[in-house]
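Each chain is listed here by its residues.
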Amino acid sequence: MSGHSKWNNIKNKKEKTDSQKAKVFTKLGREIAIVVKEGGSNPENNSKLRDVIAKAKAANMPNDNIQRSIKKAAGELSNVNYEENIYEGYGPGGVAVIVETLTDNKNRTAGEMRYIFDRNGGSIGASGCVSWMFDRVGTIYINKTEQSDDDAVMMDVLEAGAEDMQIEDDFYKVITDPTNLTAVRDELEKNGYAIEMAEIDRIPQNTVTPLDEDVATVIKLIDALEDNDDVQDVYHNAILEEE
């Protein structure tokens, strides 16, 4: 796995056990709560909610669960205040790590993040210590079929307002300005493209390959962070062998 591609993460989400899926759905429900409170429960008028719904569908979250989360956020979560926090630090071998969290208890989450980093050969740094190494972009993953014409897709992607497109074996990765993500995705869907996932991403400007003796610990650190209930996303700049 690598810090600059989420395609395998998408596929892995589809293959998780029921207990793992429940954890993912809980995190997505929390994310839905945030965007509903910010912009309302109507996806037509709330572009951030549309983006999270697309993300939830990519993780195979049932539509009934999505709708329940939206209704719950709109009507029952007025007394729950989730706070967004970002933690930055280093893993073994100087791997840069950014962790985005949503929590109702900042002190608890801060302690847990520090513990996970320390326990797995890493360390939390000051705000901004590694974020400058990453570019914040919008990413859209389009399913590639046997009928797909790379040149035609590229033309449609650029006409939709995207900045670039990367062609892989089984998907197209579309790069957009973060503020233009929803508009580009909507235009591509209008043109009949099946969107697998659309979200704001952090892409490392440079990657590092950890030493063989550090690889297992780096993977353990990333897995431990992703498994934490308050963690929404983990970004890193390590190139790691696929398991």
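No experiment lies behind these values; they were computed from the predicted model shown.

(A) Here's a closer look at the nonpolar core. Among the nonpolar cores identified, the biggest contains 17 residues, and Val97, Val99, Met113, Leu225 and Val234 are the most heavily contacted of them. Elements supplying a minimum of two residues to this core: β2 (96–103), α5 (106–119), α8 (212–227) and β8 (231–236). Of all the elements, α8 adds the most residues to this core, at five residues. The residues contacting Leu225, other than those within four sequence positions of it, are Val97, Val99, Met113, Ile116, Phe117, Val231 and Val234.

(B) Spatial organisation of helix α4 (residues 63–75). The first and last C-alpha atoms of α4 sit 18 Å apart over 13 residues, in line with the 18 Å expected at 1.5 Å per residue. All of the buried residues along α4 are Ile66, Ser69, Ile70 and Ala73. Buried residues in α4, looked at end-on, bunch into an arc of 100°, giving them a common side. Residues Asp64, Arg68, Lys71 and Gly75 are exposed on α4 and point more than 90 degrees away from its buried face.

(C) Layout of the sheet that holds β8. Pairing in this open sheet of four strands is antiparallel, and the strands run β3-β1-β2-β8 from one edge to the other. At either margin of the open sheet sits one strand with a lone partner, and together these are β3 (123–124) and β8. Of the strand pairs in this sheet, strand β1 (residues 83–90) and β3 are connected by two bridges, and their pairing is antiparallel. By the bridge assignment for β3, Tyr90 is matched with Ser123.

(D) Up close: the side chain of Asn237. Of note, Asn237 is situated in the segment after β8. With near-sequence residues (within four places) excluded, Asn237 lies in contact with Val95, Ala96, Phe134, Pro204, Asn206, Thr207 and Val208.

(E) Highlighting the pairing of strand β7 (residues 195–204). Within β7, nine of the 10 residues are buried, which leaves the element mostly enclosed by the surrounding structure. As judged from the nine bridges shared by strand β4 (residues 134–143) and β7, these two strands associate in the antiparallel manner. The residue bridging Asp135 from the neighbouring strand is Ile203, located in β7.

(F) Spotlight on helix α7 (residues 181–190). Those residues of α7 that sit buried are Leu181, Thr182, Val184, Arg185 and Leu188. Buried residues in α7, looked at end-on, bunch into an arc of 165°, giving them a common side. Those residues of α7 that are buried lie in contact with α3 (47–58), β4, α6 (150–159), β6 (171–176) and β7. Gly192 lies just past α7 and shows a positive phi near 90°.

(G) Inspection of the packing of α3 against α4 at higher detail. Where α3 meets α4, the axes come as close as 10 Å, and the angle between the chain directions of the two elements is 145°. α3 and α4 meet at a crossing whose hand is right-handed. For the pair α3 and α4, the contacting residues are Leu49, Ile53, Ala56 and Lys57 in the first and Asn63, Ile66 and Ile70 in the second. Here the residues of the contact of α3 with α4 sort into five nonpolar, one polar and one charged.

Conventions adopted
Residues numbered from 1 in each chain as written. Predicted model: local features only at pLDDT ≥ 70, side-chain atom pairs only at ≥ 80, totals over all residues. Heavy atoms only, no water. Core = buried A, V, L, I, M, F, W, Y, C linked by side-chain atoms within 4.5 Å. Buried < 20%, exposed > 50% of the residue type's maximum accessible area, 1.4 Å probe, protein only. Helix = DSSP H or I, 4+ residues; strand = E, 2+ residues; numbered from the N terminus. Contact = heavy atoms within 4.5 Å. Expected span 1.5 Å × (residues − 1). Arc of directions from axis to C-beta. Pairing = 2+ DSSP bridges. Axes fitted to C-alpha atoms, helices over the stretch in contact; angles between N-to-C directions. Left-handed = near helix turned anticlockwise from the far one by under 90°. Nonpolar A, V, L, I, M, F, W, Y, C, P; charged D, E, K, R; others polar.

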